[in-house]
Amino acid sequence: MITIKNAEQIAKMREAGALLYEVLQKLREVVRPGMNTMELDVYAQRLIRQHHAEPSFLGYEGFPGSICASPDDMVVHGIPSETMVLREGSILSIDCGLVLDGWQADSALTVPVGEVSAEALRLIAVTEECFFAGARAAVAGNRLGDIGSAVQTVAERNGYSVVRDLTGHGIGREMHEDPAVFNFGTPGHGLRMRSGMTIAIEPMISAGTWRVQTDDDGWGVRTADGSLASHYEHTLAIGEDGLPELLTLPGFSWAAWDAQQAKGE
Ligand code: MG
Ligand code: MG
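Note that this is a predicted model, so its numbers are computed, not measured.

Cut-offs applied
- Residues numbered from 1 in each chain as written.
- Chains lettered and ligands numbered in written order.
- Predicted model: local features only at pLDDT ≥ 70, side-chain atom pairs only at ≥ 80, totals over all residues.
- Heavy atoms only, no water.
- Helix = DSSP H or I, 4+ residues; strand = E, 2+ residues; numbered from the N terminus.
- Rg over C-alpha atoms; globule rule 2.2 N^0.38 Å.
- Contact = heavy atoms within 4.5 Å.
- Areas by Shrake-Rupley, 256 points an atom, 1.4 Å probe, with all protein chains shown as cover.
- Salt bridge = Lys/Arg side-chain N within 4 Å of Asp/Glu carboxyl O.
- Buried < 20%, exposed > 50% of the residue type's maximum accessible area, 1.4 Å probe, protein only.
- Expected span 1.5 Å × (residues − 1).
- Arc of directions from axis to C-beta.
- Polar contact = N/O pair within 3.5 Å; in protein donor to acceptor, adjacent residues only side chain to side chain.
- Donors = N, O, S within 2.8 Å, 3.2 Å for Na, K, Ca; no water.
- 1 Å grid on protein atoms, 1.4 Å probe; cavity = no way out; pocket = protein on both sides within 12 Å on 5 of 7 lines; lining within 4 Å.
- Points joined across faces, edges and corners; volume = space filled by probe spheres on them.
- Nonpolar A, V, L, I, M, F, W, Y, C, P; charged D, E, K, R; others polar.
- Pairing = 2+ DSSP bridges.
- Axes fitted to C-alpha atoms, helices over the stretch in contact; angles between N-to-C directions.

(A) Region of interest: the overall build of the protein chain. Helices and strands together make up the secondary structure of the protein chain, namely five helices and 15 strands. Rg of the C-alpha trace for the protein chain: 17 Å, near the compact-globule value of 18 Å for 265 residues, within the 12% margin. Projecting the C-alpha coordinates of the protein chain onto the three principal axes gives extents of approximately 45 × 45 × 35 Å. At a minimum sequence separation of 6, the contacts of the protein chain that also span at least 24 residues come to 70%. Only carbon and sulfur atoms are counted for the fraction: they give 50% of the accessible area of the protein chain, which is about 11300 Å².

(B) Representation of the pattern of salt bridges. Evaluation of the coordinates by the stated rule reveals twelve salt bridges. In this structure, arginine 49 engages glutamate 54 in a salt bridge whose closest nitrogen and oxygen atoms are separated by 2.6 Å. Among the salt bridges present, the one from aspartate 215 reaches arginine 222, with a minimum N-O distance of 2.8 Å. By relative accessible area, arginine 222 is classed as partly exposed at 23%. Connected through salt bridges with shared partners, the residues Asp73, Asp215 and Arg222 form a single ionic network.

(C) How the structure looks around helix α2 (residues 37-50). For α2, which comprises 14 residues, the first-to-last C-alpha distance of 20 Å matches the rise-based estimate of 20 Å (1.5 Å per residue) to within 8%. Regarding α2, the residues found buried are Thr37, Leu40, Asp41, Ala44, Leu47 and Ile48. For α2, the angular spread of buried residues about the axis comes to 130 degrees, placing them on one side. Elements in contact with the buried residues of α2: α1 (7-30), β1 (54-55), β2 (67-71) and β4 (91-100). Two or three places before methionine 38, at the opening of α2, asparagine 36 has a side-chain oxygen 3.0 Å from that residue's backbone nitrogen. Backbone geometry just downstream of α2 places histidine 52 in the positive-phi region, at approximately 60 degrees.

(D) Summary view of the coordination of the magnesium ion (ligand 2). Within the protein, the magnesium ion (ligand 2) binds to Asp106 (OD), His169 (NE2), Glu202 (OE) and Glu233 (OE); these donor distances fall in the range 2.1 to 2.2 Å. Written as a sequence motif, the donor residues of the magnesium ion (ligand 2) are D-x62-H-x32-E-x30-E. The metal-metal distance between the magnesium ion (ligand 2) and the magnesium ion (ligand 1) is 3.2 Å, with aspartate 106 coordinating both. Separated by 127 residues along the polypeptide, aspartate 106 in strand β5 (residues 103-112) and glutamate 233 in the loop between β13 (229-231) and β14 (234-238) bring together distant segments of the chain.

(E) Representation of the layout of surface pockets in the model. Taken as a whole, the largest pocket encloses approximately 380 Å³ of empty space. Looking at the largest pocket, it is lined by 22 residues, and the ones nearest its centre are Tyr60, His77, Met175, His176 and Glu202. Of all the secondary-structure elements, those providing two or more residues to the lining of the largest pocket are β7 (168-170) and β8 (177-181). Ranked by the residues each element gives to the lining of the largest pocket, the list is headed by β8, at four residues. When its residues are assigned to classes, the lining of the largest pocket shows eleven nonpolar, five polar and six charged.

(F) Examining the coordination of the magnesium ion (ligand 1) more closely. At this site the magnesium ion (ligand 1) is bound by Asp95 (OD), Asp95 (OD), Asp106 (OD) and Glu233 (OE), with donor distances of 2.0 to 2.6 Å. In primary-sequence terms, the residues that donate to the magnesium ion (ligand 1) follow D-x10-D-x126-E.

(G) View of unusual backbone geometry. Between aspartate 178 and the following residue, proline 179, the backbone shows a cis peptide bond with an omega angle of 0 degrees. With respect to the helices, strands and loops of the structure, proline 179 is situated in strand β8. One non-glycine residue, histidine 52, adopts positive backbone phi at about 60 degrees. In this fold, histidine 52 is placed in the loop between α2 and β1. If you check the backbone angles, aspartate 72 has positive phi at about 55 degrees while not being a glycine. Note that aspartate 72 resides in the loop between β2 and β3 (74-76). Judged by relative accessible area, which is 16%, aspartate 72 ranks as buried.

(H) A look at the sheet that holds strand β11 (residues 212-214). Reading across from one edge, β3-β12-β11 is the order of the three strands in this open sheet, with antiparallel pairing throughout. The open sheet terminates on both sides in strands that have one partner only, identified here as β3 and β11. When strand polarity is set aside, the average angle formed by the axes of neighbouring strands in this sheet is 40 degrees. Bridge count between β11 and strand β12 (residues 221-223): three bridges; the pairing is antiparallel. Bridging across to β12, valine 212 finds its partner in threonine 223.

Shown next as C-alpha cells:
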C-alpha cells in the first residue's frame, strides 16, 4: 500500500533527512586507508543517537550494523567489521538510515578511499548522475518507469549496467514501503506518481555485469564478475508543486541543476 504524506508529515521527514545528510557527510570526511568499517559504524551510531534519533538498519531483519559498508565489487549490504580494513584505491559505498520522531530517512553514497583510479571516480560520478536523472523524472504525473528508464539510460550510455535484483522503495514511517522503485524500465509505464509520495531512489551501478551474488553471510551482495559497483541514494518527497524535494540533500535546487545540465549540453 502506498501512503501519501501531508505537509506536516513531510516536514518531519525533512528533519530526519537533514540529520541523515549531516551524518553521511561526517562519515565521508573520516574515510581513510587503514580504518576498518566497524569504526565507521560505531561513529555513525554515536552521531545518530546524539541527535535523539535511532539507527534504522540496526536489527532490521537481523542486520547487525547501523550502516552498510560495501567496498569495491560489493554492491550493497556489507556488514561493518573490524576485519574489513579499507585499502588505498578502494571505493566504499556507505548506506545509512535513521528514524527521527517516528519518520525514516535513507541515503547512500560511494566515496573513494585515498587516491583511486580515474575509472573508479568515473563510476562514482556516473552513478550520481544516474540518480539525478532518475530523481528529475520523479514528478507528479510521470510514471515509475520514467524514473527507471532515466537511470538506465545514463548508466548504459556510459557503458555500465544497472543491478536489477535490488530496487528503491517507498519510505515514511517504515523504511521500506510500497512501491518498489526500479532502476530500469520503460517510459510511460508503471504507477503514476502524485504529490505526497515519498520514495528512495537508489541506483546500484556495475562497471561490468548487472548480475549479482550474495555472500555466505547472507548479506553482502557482490557483482558476479567481480567488477566495481557504486551506489547512491536519496529520500525524496513529491511536493505540492509536483517536483521532487531531496529530503536527504538539504539546499538542493532543481533550478540550479537544470541550468547546469543546459550548460553541459
Ligand atoms: Mg539505503
Ligand atoms: Mg533504500
